[in-house]
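Residue-level listing of the chains:
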Amino acid sequence: MIILGIILLVVGFVTGIAILWTIGIVLAVIGVVLWILGSLGHAVAGRRHYW
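In this section: the packing of helix α1 (residues 2-15) against helix α2 (residues 18-39). Axes are the key here: two packed helices are described by the angle between their axes and the distance separating the axes. Packing of α1 against α2 brings their axes to within 7 Å, and their N-to-C directions diverge by 160°. One element, α1, and the other, α2, form an angle in the roughly antiparallel class. Our pair here, α1 against α2, has a crossing hand that is left-handed. Each of I2, L4, G5, L8, L9, V11, G12 and F13 in α1 lies in contact with α2, whose residues at this interface are L20, W21, I23, G24, I25, L27, A28, G31, V32 and W35. Of the residues in the contact of α1 with α2, the class split is 14 nonpolar, 4 polar and no charged.

The terminal C-alpha atoms of α1, which comprises 14 residues, lie 20 Å apart, in line with the 20 Å expected from a rise of 1.5 Å per residue. Among all positions in α1, only G5, L8, L9 and G12 are buried. For α1, the buried positions fall inside an angular range of 105° around the axis, keeping them on one side. Summarising the geometry of α1, the exposed residues directed more than 90 degrees from the buried face are I3 and V14.

This brings us to α2. A rise of 1.5 Å per residue sets the reference length of α2, with its 22 residues, at 32 Å; its end C-alpha atoms lie 32 Å apart and thus fit the reference within 8%. Of all the positions in α2, only G24, L27, A28, G31, L34 and G38 are classed as buried. The arc enclosing the buried residues of α2, seen along the axis, measures out at 135°, which places them on a common side. Residues of α2 that are buried in the fold lie against α1.

Rules of the game
- Residues numbered from 1 in each chain as written.
- Predicted model: local features only at pLDDT ≥ 70, side-chain atom pairs only at ≥ 80, totals over all residues.
- Heavy atoms only, no water.
- Axes fitted to C-alpha atoms, helices over the stretch in contact; angles between N-to-C directions.
- Helix = DSSP H or I, 4+ residues; strand = E, 2+ residues; numbered from the N terminus.
- Parallel < 35°, antiparallel > 145°, perpendicular 65-115°, else oblique.
- Left-handed = near helix turned anticlockwise from the far one by under 90°.
- Contact = heavy atoms within 4.5 Å.
- Nonpolar A, V, L, I, M, F, W, Y, C, P; charged D, E, K, R; others polar.
- Expected span 1.5 Å × (residues − 1).
- Buried < 20%, exposed > 50% of the residue type's maximum accessible area, 1.4 Å probe, protein only.
- Arc of directions from axis to C-beta.

Keep in mind these values describe shape, not function.
Here it is in structure tokens:
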């Protein structure tokens, strides 16, 4: 999810499409939050690890 967010950020920045930029930011932030929760040992969506 983090990688997809970064790809969308780059594509949105290069092409100037604002919606891709916004979606990229949202996906990257959600991915980082899930990664942090998973690394702390919290179950995320029924899974013990998220990566």
